[in-house]
Structure formats: structure tokens, C-alpha cells
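What follows is the residue order along each chain.
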Amino acid sequence: MNKNMNYGDDYRFIPATSVQSGVSQELLPDLYVHTSQIANIVFYSYPGSNEFVLIDAGMPKSAEEIIAVAERRFGKNAKAKAIILTHGHFDHVGAIIELVEHWQVPVFAHLLELPYLTGLKDYPEPDPTVDSGLVAKMSPMFPNEAIDLGESVQELPLDGTVPFMEGFKWIHTPGHTPGHVSLFRERDGALIAGDAFVTVKQESLYKVFTQEKELNGPPKYLTPDWAAAFESVKILAALNPSVAVTGHGVPMSGEELSEGLRKLVDNFDKIALPNNKK
Ligand SMILES: [Zn+2]
Ligand SMILES: [Zn+2]
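In short, a report on the structure. (Residues numbered from 1 in each chain as written. Chains lettered and ligands numbered in written order. Predicted model: local features only at pLDDT ≥ 70, side-chain atom pairs only at ≥ 80, totals over all residues. Heavy atoms only, no water.)

Comments concerning the sheet that holds strand β11 (residues 243–246)
Strand order in this open sheet of 5 strands is β8-β9-β10-β11-β12, and the pairing throughout is mixed. Of all the strands in the sheet, just β8 (168–172) and β12 (252–253) have a single pairing partner and so form its edges. (Pairing = 2+ DSSP bridges. Helix = DSSP H or I, 4+ residues; strand = E, 2+ residues; numbered from the N terminus.)

See below:
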């Protein structure tokens, strides 16, 4: 492992999975979604090319799986141009060091997320009291220490563009984390939402396992700023996305997505807020 890059001391495999684990699907011709255990990664690609951009970097210990998915989709010479992070939680950076070393690629994240990606600041401890669900109850075992990507990580361009993803803009959607971003393409309404909202009740082990579709706010046990999280959901709903892939849960589109977002905005306290924050 590169001596300039380290996971936190609490880095570990998390024994949680879902019926979607190992499943890949083409969301759009240039967006390919893969689920590893309980988290999604997205490949953005160029028609007829073996090059791609990876959005988020999976669960701890999933690097071999992610490389295999890339090679199956784009061929043995599959080549990443960059990794874009929606945020730095363990289930979005779980394989990132191995992937950066394998593909020799730069990582981009929001300025406010960089302290958590350069060893300067740990995320708050997960809060198991937010929900009675078993994922919430097991959340204290989730890694929350900062990882250190050293000089491999840099700030997203200030003009809102996303490197190597023409047509996409990054949108600051804080609340779940301070530097959380979502990626949106106006041309076709495609949204990569990260954990700003998710399409599964992520606190429930049963619902996570079955991946029952249900539009929810960000995972409760790891969200410290609910006022900002609500503002972020409102911003994303106002974009009127036509299709969304979120950090957890299956992709959603059309009426189901717009209806789900409308409901979430109208009933944010009921649907999204933890009991102790209402
Ligand atoms: Zn997260
Ligand atoms: Zn997540």
C-alpha cells in the first residue's frame, strides 16, 4: 500500500448484505450501477471506449470485485480517468486506496469533505439511537475515522463542472456530511444523489436486505445536520430529476421518483428525521 495513503485504524469488513449484492445494471447507456453488499457505485462511460469515471468507491474490501466489474463491462484494458466522491463515508471509500493504486487515478471531492479524506478530521460516531432498525443498531461498528488519500485527492472544480463527465454539474448537498455533493445532468435529468436521499430504509436490516423500494432521507445514524439535509433534499427535488441512483437502494425514475421526492419534502420530519430530532 502506498505509504502516503491509509485507511483509518477502525477500517474493517462489514458483514451486511442485500439481495442486490453483486448485481450490475445499465441505468442509461453511459451510466452503469453496481451494488456491492449494501452500497452502490456508478460507472460513467463514453460510448465505444474502455475509459470510465467511477463515482464512489464501495464497501471495505471490495476492490477486487469493483475491478472485476469494470473489466467485465469495459474489457481487460478498462481504464479509469478519475474517481468522484459524493462524500467520504466508509461505504463510499471502502476500496478507494486499492483502486487509486490499481488505476493510478486522481480523486475529486468537495473542499469541505477533504479533511475527512486527508486524515485531518474523523466523522462523528454513528448514532444507534436514531432508529429501532438493526442497521442503526449495528452502526457503532462502522468505521468513522478519517482516511488519508494524501495528494491523490483534490478539490472539485469551482465552476461546478465534474472532471471527465461532460454535461454533469456537482451540487453541494450538505447535511449528511459537510462536503456532500450530488451530480446532475440537466440534458436528461440524470441524478447521482449519493446519500442526500436514498431509495431504501437504510436503518432496517430487513429492508436493506430485500432492497424494498422506499424513498427516504439520508441514513439517519450518520447524519449530523438535519436542517442542512432538508435544504439539500429541497434543492434536489426542485431539479425535477427523471432518474436517480442513490448511494443505497435501487435506482428510481419517472413518477415514482417525483412523487417520492415530493412526499419526502412535504413530510420530511415524519419520514426523514430521527425520533430524537422531531
Ligand atoms: Zn453516507
Ligand atoms: Zn452511504
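Next comes the rest of the write-up.
Quick notes on the nonpolar core
Nonpolar side chains in soluble globular proteins generally cluster together in the buried interior. One finds Phe 43, Ile 96, Leu 99 and Trp 103 to be the most contacted residues of the largest nonpolar core, which totals 34 residues. Listing elements by their share of this core, those giving two or more residues are β3 (39–45), β4 (51–55), α1 (63–74), β5 (79–84), α2 (96–103), β6 (107–109) and α3 (114–117). Considering every element that reaches this core, the biggest residue donor is α1, with 6 residues. Excluding anything up to four places from it in sequence, Trp 103 contacts Phe 52, Leu 54, Ile 66, Ile 67, Ala 70, Ala 78, Lys 79 and Ala 80. (Core = buried A, V, L, I, M, F, W, Y, C linked by side-chain atoms within 4.5 Å. Buried < 20%, exposed > 50% of the residue type's maximum accessible area, 1.4 Å probe, protein only. Contact = heavy atoms within 4.5 Å.)

Some points on the pattern of salt bridges
Across all of its chains, the model carries 14 salt bridges by this definition. A salt bridge links Lys 220 to Asp 131; the nearest nitrogen and oxygen atoms lie 3.4 Å apart. Taken as a pair, Lys 220 in the loop between α5 (205–210) and α6 (226–238) and Asp 131 in the loop between α3 and α4 (134–138) lie far apart in primary sequence, 89 residues in all. Since its relative accessible area comes to 9%, Lys 220 is described here as buried. Given a relative accessible area of 10%, Asp 131 falls into the buried group. Glu 214 serves as the salt-bridge partner of Lys 207, at 3.1 Å between the closest nitrogen and oxygen. Relative accessible area serves as the criterion here: at 22%, Lys 207 is assigned to the partly exposed category. A single network of salt bridges, built from pairs that share partners, joins Asp 131, Lys 201, Glu 203 and Lys 220. (Salt bridge = Lys/Arg side-chain N within 4 Å of Asp/Glu carboxyl O.)

Quick word on α2
Every buried residue of α2 is accounted for by Ile 96, Ile 97, Leu 99, Val 100 and Trp 103. All buried residues of α2 lie within an arc of 165° about the axis, which places them on one face of the element. Those residues of α2 that are buried lie in contact with β4, α1, β5 and β6. Looking one or two places after α2, you find Gln 104, whose phi comes out positive at around 55°. (Arc of directions from axis to C-beta.)

Observations concerning the coordination of the zinc ion (ligand 2)
The zinc ion (ligand 2) binds to the protein through Asp 91 (OD), His 92 (NE2), Asp 195 (OD) and His 248 (NE2), with metal-donor distances spanning 2.0 to 2.6 Å. Here the zinc ion (ligand 2) binds 4 donor atoms, and the angle range of 81 to 155° at the metal identifies the geometry as irregular. Of note, the donors binding the zinc ion (ligand 2) are all from one chain and are spaced D-H-x102-D-x52-H. The distance between the zinc ion (ligand 2) and the zinc ion (ligand 1) comes to 3.3 Å, and Asp 195 binds to both of them. Residue His 92 is located in the loop between β5 and α2, and its partner Asp 195 is located in the loop between β10 (190–194) and α5; the two are separated by 103 residues in the primary sequence. Given the relative accessible area of 1%, Asp 195 is considered buried. (Donors = N, O, S within 2.8 Å, 3.2 Å for Na, K, Ca; no water. Tetrahedral: all angles 85-135°; square planar, octahedral: opposite > 155°, others 65-115°.)

Brief notes about the environment of Ala 190
Of note, Ala 190 is situated in strand β10. In the structure, Ala 190 is positioned 53 residues away from Lys 137 in sequence and 33 Å away in space, judged by C-alpha atoms. Beyond its immediate stretch of four places on either side in the chain, Ala 190 contacts Leu 28, Leu 31, Phe 168, Leu 183, Phe 184, Arg 185, Ser 242 and Val 243.

Some thoughts on the coordination of the zinc ion (ligand 1)
In this structure, His 87 (NE2), His 89 (ND1), His 176 (NE2) and Asp 195 (OD) serve as the protein donors to the zinc ion (ligand 1), at separations of 2.1 to 2.3 Å. Each of the 4 donor atoms around the zinc ion (ligand 1) contributes to a set of angles spanning 90 to 173°, which defines the coordination as irregular. As a motif over one chain, the donors of the zinc ion (ligand 1) read H-x1-H-x86-H-x18-D.

Digging into the packing of aromatic side chains
With the rule as written, the count across this model stands at 13 aromatic pairs. Judged by centre distance (5.9 Å) and plane angle (85°), the ring pair of Tyr 44 and Phe 168 falls under edge-to-face. Of this pair, Tyr 44 sits in strand β3 while Phe 168 sits in strand β8, and the two are 124 residues apart along the sequence. Accessibility assignment for this pair places Tyr 44 and Phe 168 in one class, buried. Ring centres of Phe 230 and Phe 268 lie 4.5 Å apart, and the angle between their planes is 20°; this geometry places the pair in the stacked category. A residue pair is termed long-range when its members are at least 10 positions apart, and Phe 230 in helix α6 and Phe 268 in helix α8 (residues 268–271) qualify at 38 residues. What links up through ring pairs into an aromatic cluster is the set Tyr 32, Phe 43, Phe 52, Phe 74 and Trp 103. Stacked on the ring of Phe 230, the Lys or Arg Lys 234 has its end atom at 4.3 Å from the ring centre. (Phe/Tyr/Trp six-rings, centres within 6.5 Å; stacked < 30°, edge-to-face > 60°. Lys NZ or Arg CZ within 6 Å of the ring centre and 35° of its normal.)

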